[in-house]
Amino acid sequence: MPGRARRADMKIGIIGAGNIGGNLTRRLTALGHDVSVANSRGPHTLTGLAEETGATPVRAEDAARGAEIVVVTVPLKAVPDLPSGLFDEAAEGVAVIDTGNYYPRQRDGRITGIEDEGLTESRWTERQIGHPVIKAFNGTYAQDILDRHRPVGASDRMALPVAGDDEAAKRKVRTLIEELGFDTVDAGGIDDSWRQQPDTPVYGLRAGTESVTKALTEASPERKPEFRA
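Bear in mind that the values here come from a model prediction, so they are computed numbers and not experimental data.

Cut-offs and rules
Residues numbered from 1 in each chain as written. Predicted model: local features only at pLDDT ≥ 70, side-chain atom pairs only at ≥ 80, totals over all residues. Heavy atoms only, no water. Helix = DSSP H or I, 4+ residues; strand = E, 2+ residues; numbered from the N terminus. Rg over C-alpha atoms; globule rule 2.2 N^0.38 Å. Contact = heavy atoms within 4.5 Å. Areas by Shrake-Rupley, 256 points an atom, 1.4 Å probe, with all protein chains shown as cover. Lys, Arg positive; Asp, Glu negative; His and termini not counted. Charge placed at Lys NZ, Arg CZ, Asp CG, Glu CD. Pairing = 2+ DSSP bridges. Axes fitted to C-alpha atoms, helices over the stretch in contact; angles between N-to-C directions. Right-handed = clockwise from strand over helix to strand, strands pointing away.

Caption draft 1: Structural detail: the overall build of the protein chain. For the protein chain, the count of helices and strands is eight helices and eight strands. The globule rule puts the C-alpha radius of gyration for 229 residues at 17 Å, and the 17 Å found for the protein chain is close to it. Seen through its principal axes, the protein chain has C-alpha atoms that stretch 50 × 45 × 30 Å. Counting contacts in the protein chain only where the partners sit at least 6 residues apart, residues at least 24 apart contribute 69% of the total. Counting every atom, the protein chain has about 10500 Å² of accessible surface; 47% of that belongs to carbon and sulfur. Of the charged side chains in the protein chain, 29 are positive and 35 negative, and the gap between their average positions amounts to 3 Å.

In structure tokens, the structure reads:
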């Protein structure tokens with residue numbers, strides 16, 4: 001962005017420029033990160049967001065190039081359509097954040113691996129993209145990314161659950177979320193990430209660390225009928 005004196009801290013790719021992707025682009029560029037953003041319609045449709053934020057609009061296949069963190073924030077049904085070899089040119093040890101949720105009746109249709117194999121949404125996503133993911137932001141209101149960040153120690157600072165198997169990648173993502181102005185709670189591995197899927201107690205919860213931790217323990221692994229195809 002013109003006039004910015006601070007160098008970029010980290011190269012971050014964002015695939016998906018909807019509510020979550022757009023607001024993460026806004027906040028991460030404001031924090032000084034070098035953000036590339038892509039959507040399914042092409043870079044020419046992202047000129048407004050680019051002018052607003054200083055992010056670089058790119059094709060989806062280029063979003064991860066050189067990136068230390070990549071955010072995949074597309075509808076679950078669109079995950080299999082992502083370019084193959086997406087992370088081949090990413091930085092070594094790239095952390096991939098999955099913000100996705102399964103909405104079979106409202107949007108995604110029936111996904112066999114989730115329905116018949118009992119995979120968590122993020123485990124299914126891992127299989128599609130061929131890379132481990134860290135599940136985060138999936139139960140966060142997009143506007144809260146802009147409006148509800150708070151300094152460390154603030155009484156109303158929200159906490160977000162973060163699940164993943166790769167501990168180094170999880171630490172990187174938790175550090176980024178904390179920089180964005182939110183506390184984090186370790187929600188376990190990807191096979192535990194059902195605890196933060198839609199219609200669980202923590203989903204959409206605007207609360208601090210203690211309440212988020214408690215909500216994760218109160219989740220049921222049974223997927224409710226309204227979230228099955």
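Having seen the structure, we can now continue with the description.
Caption draft 2: Quick look at the sheet that holds strand 4 (residues 69–72). Here eight strands make up an open sheet; going across it, the order is 3-2-1-4-5-6-7-8 and the pairing mixed. The open sheet has two free edges, formed respectively by strand 3 (56–57) and strand 8 (183–186), since each of these has just one partner strand. One ladder, built from four bridges, connects strand 1 (residues 11–15) with strand 4; its direction is parallel. Residue pairing across strands places Gly13 opposite Val70, the latter belonging to strand 4. Across the sheet, helix 8 (residues 209–217) lies against strand 7 (159–164) and strand 8, angled at about 25° from strand 8, the strand it touches most.

Caption draft 3: Inspection of the pairing of strand 8 at higher detail. Bridge count for strand 7 against strand 8 is four bridges, and the pairing is parallel. Bridging across to strand 8, Leu160 finds its partner in Thr184. In this region the chain leaves strand 7, passes through helix 7 (residues 167–180) and returns to the parallel neighbour strand 8; the handedness of that crossover is right-handed.

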